[in-house]
Amino acid sequence: MTIAAHPTTTRPAATPATAMKKIVILGATSGIALEVQRQLARQGRELLLVARSPQRLAELQADLLVRGAHNVSTYSADLASIQQHAAVFEFARRTFRDFDTVLLAYGSMHDQEDSETSIDVLLQELQVNFVSATAILTLFAADLERRGTGCLAAITSVAGDRARRSNYVYGSTKGALSLFLQGLRSRLHPAGVRVITIKPGPVQTPMTDHLPNSARFADPEQVARDIVRALERRSPDVLYTPRIWRYIMTAVRQIPETIFKRLSI
Ligand SMILES: NC(=O)c1ccc[n+]([C@@H]2O[C@H](COP(=O)([O-])OP(=O)(O)OC[C@H]3O[C@@H](n4cnc5c(N)ncnc54)[C@H](OP(=O)(O)O)[C@@H]3O)[C@@H](O)[C@H]2O)c1
């Protein structure tokens, strides 16, 4: 698939971009996305939900309309499959015209040991969290860049700030995605398109409910509030949520490698 080249624009960033009205959510069944969608529904926004399960999408659509969403469209797709991306994008472009915000929320976190012993698992983690994510973001980026408006946001993780023994495969996919978003932000800035990197600390969702101490992880409702605020342009380009993780990771990044490699974390 090729994407039409676009002329490099030299005009300064638009200030501020149009208000968030129509939001595409890639990975709408994620625990974090569910809370984001509920908050957006209460604000009467229009939503396009993309996820794998048609049945869950139908349930979500009904629920969000009751909660106040102005309009909820759905599209079923396996987002790890790049062959399906063109259809997702065309559906958004044709039936959800002039969408202004895209939130990429899907992801996977396999057991680290499985990623060390199975190359298939390792590659699957890369495919879901990095390869497919960068592919679909690139499709949507070209459209927003051409229109000179909007916001692209993607959920990476604090795990991408420093690779740890216990989850470096997942962490490296998120770190790579964060770097990609950094470059994309720079590319889209002249066109007036925002790019937000969302870095949650541990959150109570189905992804983490098997982990020890998961009851002490952040409430997805709080994380969703931070995300919605960021989408509304009241936050920096890189959002740490809950906020304390900005300071924790600043400290963690300072630990010298000679010490860090000895830590069994
Ligand atoms: N929870 C945390 O502590 C935490 C911390 C930092 C970052 N994050 C990131 O936050 C994002 C949301 O995760 P979550 O915590 O909300 O976990 P979650 O509830 O387990 O959500 C993961 C979502 O990804 C979807 N997904 C996986 N592979 C997919 C594919 N091939 N096509 C379409 N959808 C796919 C799943 O869809 P199905 O419903 O079809 O399985 C599910 O909705 C992820 O990127 C995660 O890495 C989470």
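Residues numbered from 1 in each chain as written. Predicted model: local features only at pLDDT ≥ 70, side-chain atom pairs only at ≥ 80, totals over all residues. Heavy atoms only, no water.

Caption draft 1: Region of the structure containing the overall build of the protein. Secondary structure assignment for the protein yields nine helices and seven strands. Against the compact-globule benchmark of 18 Å for 265 residues, the protein has a radius of gyration of 18 Å, which places it among compact chains. Considering only C-alpha atoms, the protein reaches an extent of 50 × 45 × 35 Å along its principal axes. Each of the 265 residues in the protein was classed as buried or not, and the buried ones make up 48%. (Helix = DSSP H or I, 4+ residues; strand = E, 2+ residues; numbered from the N terminus. Rg over C-alpha atoms; globule rule 2.2 N^0.38 Å. Buried < 20%, exposed > 50% of the residue type's maximum accessible area, 1.4 Å probe, protein only.)

Caption draft 2: Looking closely at the site of the ligand. For the ligand, the set of nearby residues contains 26 residues, the closest of which are Thr-29, Asp-78, Tyr-170, Val-203 and Thr-205. Contact distances for the ligand include 2.9 Å between an oxygen atom and a backbone N or O atom of Ile-32. The contact in question runs from a nitrogen atom of the ligand to an N or O atom on the backbone of Leu-79, over 2.9 Å. Burial of the ligand by the surrounding chains reaches 88%, relative to a free accessible area of 890 Å². Elements supplying a minimum of two residues to the shell around the ligand: helix H1 (31-42) and helix H6 (168-188). A per-class count over the shell around the ligand returns 14 nonpolar, nine polar and three charged. (Near = heavy atom within 4 Å. Polar contact = N/O pair within 3.5 Å; in protein donor to acceptor, adjacent residues only side chain to side chain. Areas by Shrake-Rupley, 256 points an atom, 1.4 Å probe, with all protein chains shown as cover. Nonpolar A, V, L, I, M, F, W, Y, C, P; charged D, E, K, R; others polar.)

Caption draft 3: The arrangement of unusual backbone geometry in detail. Going from Thr-241 to Pro-242, the amide bond is cis rather than trans, its omega being -10°. Here the phi dihedral of Asp-98 falls at roughly 60°; this positive angle occurs in a residue that is not glycine. Assessed through its relative accessible area of 55%, Asp-98 is described here as exposed. In this structure, Asn-213 is a non-glycine residue whose phi angle is positive, near 65°. Mapping Asn-213 onto the fold places it in the loop between strand E6 (194-200) and helix H7 (220-231). Look at Asn-213 and you get partly exposed, because its relative accessible area is 47%.

Caption draft 4: View of the nonpolar core. Ile-25, Val-36, Leu-40, Leu-49, Leu-103, Ile-198 and Ile-227 are the most contacted members of the largest nonpolar core, which totals 34 residues. Those elements giving two or more residues to this core turn out to be strand E1 (22-26), H1, strand E2 (46-51), helix H2 (54-66), strand E5 (151-155), E6 and H7. Residue contacts for Ile-198: discarding those within four places in its chain leaves Leu-103, Ala-153, Ala-154, Ile-155, Thr-156, Ser-157, Ile-227, Leu-239 and Thr-241. Of all hydrophobic cores here, the second largest spans 31 residues; its members include Phe-96, Leu-139, Ala-141 and Ala-191. (Core = buried A, V, L, I, M, F, W, Y, C linked by side-chain atoms within 4.5 Å. Contact = heavy atoms within 4.5 Å.)

Caption draft 5: Inspection of the pattern of salt bridges at higher detail. A full pass over the atoms with the stated rule returns 13 salt bridges. Between Glu-90 and Arg-93 there is a salt bridge; the shortest N-O distance is 2.9 Å. Here Arg-93 and Glu-90 lie together in helix H3 (residues 85-95), a separation of three residues that amounts to about one turn. Between Arg-146 and Asp-143 there is a salt bridge, with the nearest N and O atoms lying 2.7 Å from each other. Taken together, the residues Arg-146 and Asp-143, both in helix H5 (residues 119-147) and three residues apart, mark about one turn of the helix. Connected through salt bridges with shared partners, the residues Glu-90, Arg-93 and Arg-94 form a single ionic network. (Salt bridge = Lys/Arg side-chain N within 4 Å of Asp/Glu carboxyl O.)

Caption draft 6: Focus on H2. Between its first and last C-alpha atoms H2 spans 19 Å; for 13 residues at 1.5 Å apiece the expected length is 18 Å, and the two agree. Within the sequence span of H2, burial applies to Leu-57, Leu-60 and Leu-64. Angularly, the buried residues of H2 cover 65° about the axis, an arc narrow enough to put them on a single face. Facing away from the buried side of H2, by more than 90 degrees, are the exposed residues Gln-55 and Val-66. Looking at the buried side of H2, the elements it contacts are H1, E2 and strand E3 (71-76). Downstream of H2 by a residue or two, Gly-68 has a phi angle that is positive, lying close to 120°. (Expected span 1.5 Å × (residues − 1). Arc of directions from axis to C-beta.)

Caption draft 7: Looking closely at the sheet that holds E5. Spatially, the seven strands line up as an open sheet ordered E3-E2-E1-E4-E5-E6-E7, and their pairing is parallel. A strand with exactly one partner marks an edge of an open sheet, and here the two such strands are E3 and strand E7 (238-241). Going across the sheet, the axis of each strand differs from the next one's by a mean of 15°, ignoring polarity. Sheet topology places E1 next to E2; five bridges connect them, and they run parallel. Bridged to Ile-25 within E2 is Leu-49. Relative to E3, H3 is tilted by about 160°, and along the sheet it contacts E1, E2 and E3. (Pairing = 2+ DSSP bridges. Axes fitted to C-alpha atoms, helices over the stretch in contact; angles between N-to-C directions.)

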